[in-house]
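Given next are the chains, with one letter for each unit.
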Amino acid sequence: MDIETVNKQAFKSGVWYTVSNLLVKSMAFITTPLFTRLLTKEEYGDYNNYLSWSAVLSIFITLNVEASLISAKFDFKENFKQYIFSISTLGTFSAVIWLVVSNVFKTWITNFFGMDIFYVNVMIIYCLFLAVVNLFQVSGRYMYRYKESIFVAILLALSTTILSIIFVYNMSNKFMGRVLGMALPAIIIGFAIYIYLFKNGKNIKFGYWIYALKVCIPYIPHLLSLTVLNSVDKVMITQICGSEYTALYSVAYSCGTIITLLLTSMNNAFSPWLGDKLALNDFMGIRKVSKYYISGFLVLAVGVMLFSPEVLYIMGGKVYMEAKYVMLPVALGCICQFIYTMFVNIEQFKKKTTGMAIASVIAALLNYLLNLWFIPEFGYIAAAYTTLTGYLFLLIAHMFLVWKLEYSKVYSYRFISIIIVVVFTISLFINVLYKYNIFRYITILMYVVGILVFLWLKRERLLLLVKVRGK
């Protein structure tokens with residue numbers, strides 16, 4: 001595949017993936033106020049506990065095998081469909097083991113998870129079939145088959161939302177209704193996709209299991225450490241400051257991570273293109289595009305920072321407004337995460353994932369130690385800055401790891417360093433503006449006008465780009 005073909009396919013699928021992923025992910029965000037009203041605080045707390053355990057358990061059940069696709073696409077170019085089916089059966093094998101162990105040691109498992117064995121079994125089956133759905137969607141991105149993947153994403157999001165509302169509204173056990181409303185669509189759609197993958201892959205090749213495990217096993221401590229990095233703050237705030245401050249922090253943190261939706265959506269489009277360009281050794285092409293890619297993301301992220309107090313007000317109301325200062329360091333952490341993910345993509349492509357696991361463990365430990373020191377001294381807001389420190393460490397660590405792989409020429413380290421200094425400086429200015437709304441609104445107006453003027457001045461070039469790339 002030549003460079004121009006790669007660019008055309010990547011642009012067209014990338015735009016669709018970004019837009020659809022934003023719509024799908026934002027659906028869960030938008031419906032949050034609805035479910036907080038339909039469920040009691042206890043039921044909503046139980047459901048969030050269920051979600052937390054699902055996030056952790058899915059790492060062990062699925063082994064995150066889709067992370068191997070960025071390299072497998074090129075290593076098994078002629079048998080890629082067989083590879084996809086083979087590693088999907090690896091997840092099935094893992095899930096069956098978890099089901100057997102959980103039911104044999106039922107008493108211990110229910111005490112450990114703090115929920116009935118029924119919910120543990122549903123969780124395991126849900127993680128299994130959701131992994132099949134994710135594998136189908138990720139493989140679709142790497143083969144630029146965006147229509148099927150987007151259709152599945154929208155179908156899953158709509159069916160989950162509608163079924164959850166129906167079950168919660170009509171069932172006496174509303175917690176069970178919320179769990180089943182989330183699980184059943186993923187199980188049904190995942191089972192249908194499993195049959196589709198079987199028809200395309202036909203045979204299981206255990207050599208593919210070994211290949212995937214070599215890439216993905218070091219990824220497990222990486223994902224677990226990131227989970228700790230994202231969640232340990234709330235646990236420690238509860239222990240040190242009290243649950244009221246945890247609520248303030250949690251709502252503000254959720255609002256600040258709107259940028260994460262943007263991050264995930266853009267990376268879903270960027271990583272397949274990056275893999276193709278790396279395979280073609282088009283490093284200069286990546287270097288050039290990455291500057292526009294980073295700049296575009298940062299412009300949007302700055303906009304989210306400027307509007308953060310309004311987002312917090314909509315999601316939580318006046319009682320949560322004092323937590324607005326949490327959102328800015330959270331947003332900066334998401335920006336660091338966005339940039340280091342670009343380097344992680346290269347590590348995955350080169351099948352060098354041990355370094356990222358070590359870096360993530362160190363970042364999680366660093367966050368924990370800083371929390372012990374700063375939360376008692378400065379309160380719950382300090383937790384947002386300790387998490388930012390962890391993400392900044394990960395950015396530096398992944399830049400170093402890619403440099404060690406001798407791939408530093410792929411991105412401009414000088415440009416990234418300058419852009420980080422610039423965005424951190426801008427964030428200090430925005431933080432001051434939170435105290436003076438009139439000046440913040442003037443800045444927002446200038447920001448919007450600046451973007452519109454830029455789009456107008458570049459309209460012919462942008463239209464030409466869309467016309468050429470969309471063919």
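Predicted, not measured: the structure shown is a model, and the values here were computed from it. Starting afresh in each chain, residues are numbered from 1 along the sequence in its written order. Per-residue local features are limited, in this predicted model, to residues with pLDDT of at least 70; the limit for side-chain atom pairs, both in listing and counting, is 80 or more; totals at the level of whole chains, interfaces and linings are taken over all residues. Water and hydrogen atoms were dropped before computing side-chain values, which therefore reflect all heavy atoms in the structure.

### Some points on the overall build of the protein
Working definition: helices are DSSP H or I runs of at least four residues, strands are E runs of at least two. Numbering for both runs from the N terminus. Summing up its helical and strand segments, the protein has 19 helices and zero strands in all. Looking at the protein as a whole, 50% of its 471 residues are labelled buried. Taking as baseline every contact in the protein between residues at least 6 positions apart, the subset at least 24 positions apart corresponds to 83%. Shrake-Rupley sampling with a 1.4 Å probe provides the accessible areas, and residues are treated as covered by the protein chains on show and by no other component. Here the protein has roughly 22,700 Å² of accessible surface; of this, 70% comes from carbon and sulfur atoms. The classification of residues rests on relative accessible area computed with a 1.4 Å probe and restricted to protein chains. Under 20% of the type maximum is buried, over 50% is exposed, and intermediate values are partly exposed. In this description, contact between two residues means that some pair of their heavy atoms is separated by no more than 4.5 Å.

### Here we look at unusual backbone geometry
The bulk of non-glycine residues show a negative phi, and the bulk of peptide bonds are trans. In this structure, N281 takes a positive phi of about 60° despite not being glycine. Inspection of the secondary structure puts N281 in the loop between α12 (258-279) and α13 (283-316). The class for N281 is exposed, based on a relative accessible area of 53%. For E406, which is not glycine, the phi torsion reads 65° and is therefore positive. Tracing the chain through its elements places E406 in the loop between α16 (382-404) and α17 (413-433).

### Some details on the nonpolar core
Only buried residues count toward a nonpolar core. Its members are Ala, Val, Leu, Ile, Met, Phe, Trp, Tyr and Cys residues joined through side-chain atoms within 4.5 Å. Judged by nonpolar contacts, the single largest core of 128 residues is most densely connected at Y50, Y83, L278, M305, I335, I339 and Y411. Here this core gets 17 residues from one element, more than from any other, and that element is helix α14 (residues 324-349). The contact partners of Y83, leaving out residues within four places of it in the chain, are S68, L69, A72, F76, Y208, Y211 and A212.

### Concerning the pattern of salt bridges
The salt bridge criterion pairs a side-chain nitrogen of Lys or Arg with a carboxyl oxygen of Asp or Glu, the two atoms within 4 Å. Scanning the entire structure with this criterion turns up two salt bridges. Notably, a salt bridge pairs E310 with R440, separated by 2.8 Å at the nearest N-O pair. Pair noted here: E310 is in helix α13 and R440 is in helix α18 (residues 437-457), with a separation of 130 residues, a long-range link. For E310, a relative accessible area of 25% gives the class partly exposed. A residue is classified by how much of its surface remains accessible, and R440, at 1% relative accessible area, is buried.

### Section: the environment of Y385
With respect to the secondary-structure elements, Y385 resides in helix α16. Placed 18 residues apart in sequence, Y385 and N367 show a C-alpha to C-alpha distance of 9.3 Å. Dropping the residues within four chain positions of it, Y385 is found in contact with Y325, P329 and N431.

### Focus: the packing of aromatic side chains
Here a ring pair, both rings aromatic, is described through the centre-centre distance and the interplanar angle of the planes. Note on ring pairs: Phe, Tyr and Trp rings are taken, using the six-membered ring of Trp, and paired if centres are within 6.5 Å. Classes follow the plane angle, with under 30 degrees stacked, over 60 edge-to-face and the rest tilted. With the rule as written, the count across this model stands at 27 aromatic pairs. Centroid distance F297 to F338: 3.7 Å. Interplanar angle 5°. Geometry classified as stacked. Here F297, found in helix α13, pairs with F338, found in helix α14; they are 41 residues apart in sequence, far enough to count as distant. Comparing F297 with F338 shows no difference in burial state: the two are buried. Ring centres of Y340 and Y391 lie 6.3 Å apart, and the angle between their planes is 25°; on these two criteria the pair is classed as stacked. Of this pair, Y340 sits in helix α14 while Y391 sits in helix α16, and the two are 51 residues apart along the sequence. Pair check on accessibility: Y340 and Y391 agree, each one buried. Pairwise contacts between aromatic rings join F76, F80, Y83, Y208 and Y211 into one cluster.

### Details of α16
An α-helical segment advances 3.6 residues per turn. Residues three or four places apart therefore align on the same side. Here a helix's expected span is defined as the number of its residues, less one, multiplied by 1.5 Å. A rise of 1.5 Å per residue sets the reference length of α16, with its 23 residues, at 33 Å; its end C-alpha atoms lie 33 Å apart and thus fit the reference within 8%. Phi for E406, located one or two positions after α16, is positive at around 65°.

### Quick word on the packing of α14 against α16
Across the interface, α14 lies against α16 with an axial gap of 8 Å and an inter-helix angle of 20°. In terms of orientation, α14 and α16 fall into the roughly parallel class. The hand of the α14/α16 crossing is left-handed. Class assignment for the residues of the contact of α14 with α16 results in 21 nonpolar, three polar and one charged. Angles run from 0 to 180 degrees between N-to-C directions of axes, and those axes are lines fitted to C-alpha atoms, restricted for helices to the stretch in contact. Our angle categories are set so that under 35 degrees counts as roughly parallel, over 145 as roughly antiparallel, 65 to 115 as roughly perpendicular, and the remainder as oblique. When the near helix sits turned anticlockwise from the far one by under a right angle, the crossing is termed left-handed; a clockwise turn instead gives a right-handed crossing. Three categories are distinguished: nonpolar for Ala, Val, Leu, Ile, Met, Phe, Trp, Tyr, Cys and Pro, charged for Asp, Glu, Lys and Arg, and polar for the others, with Gly belonging to the last.

### Let's talk about a nonpolar patch on the surface
Patch criteria: residues need more than 30% relative accessible area and no salt bridge. Like-charged residues are merged within 9 Å; nonpolar side chains of Val, Leu, Ile, Met, Phe, Trp and Tyr are merged within 5 Å. Together, F93, V96, I97, V100, V101, V104, F105, W108 and F112 make up a nonpolar patch on the protein surface, roughly 900 Å² of accessible area in all. Looking at the nonpolar patch, the elements with two or more residues in it are α4 (80-104) and α5 (106-113). Broken down by element, the nonpolar patch gets its largest block of residues, six residues, from α4. For W108, the position within the fold is in helix α5.

### Examining the confidence of the model for the protein
The predictor attaches a confidence to each residue, and that confidence, scored 0 to 100, is pLDDT. In this model, the protein carries a mean pLDDT of 80, and residues with pLDDT of at least 70 account for 84%. When pLDDT is averaged over each helix and strand of the protein, the minimum, 54, is found for helix α19 (residues 459-469) and the maximum, 91, for α16.

### Structural notes on helix α8 (residues 174-201)
The first and last C-alpha atoms of α8 sit 40 Å apart over 28 residues, in line with the 40 Å expected at 1.5 Å per residue. N or O atoms within 3.5 Å of each other form a polar contact, as long as, within protein, one can give a hydrogen and the other can take it, and as long as residues adjacent in sequence are counted only when both atoms are side-chain atoms. One side-chain oxygen at the N-terminal end of α8 lies 3.4 Å from the backbone nitrogen of F175; it belongs to N173. One or two residues past the end of α8 sits K202, with phi positive at roughly 65°.

### Regarding the packing of α4 against α8
Their axes nearest at 8 Å, the elements α4 and α8 cross at an angle of 135°. Accordingly, the angle class assigned to the pair α4 and α8 is oblique. Where α4 crosses over α8, the handedness of that crossing is left-handed. Of the residues in α8, those in contact with K81, Q82, I84, F85, S88, T89 and T92 of α4 are Y194, L197, F198, N200 and G201. Among the residues making up the contact of α4 with α8, the classes are represented as five nonpolar, six polar and one charged.

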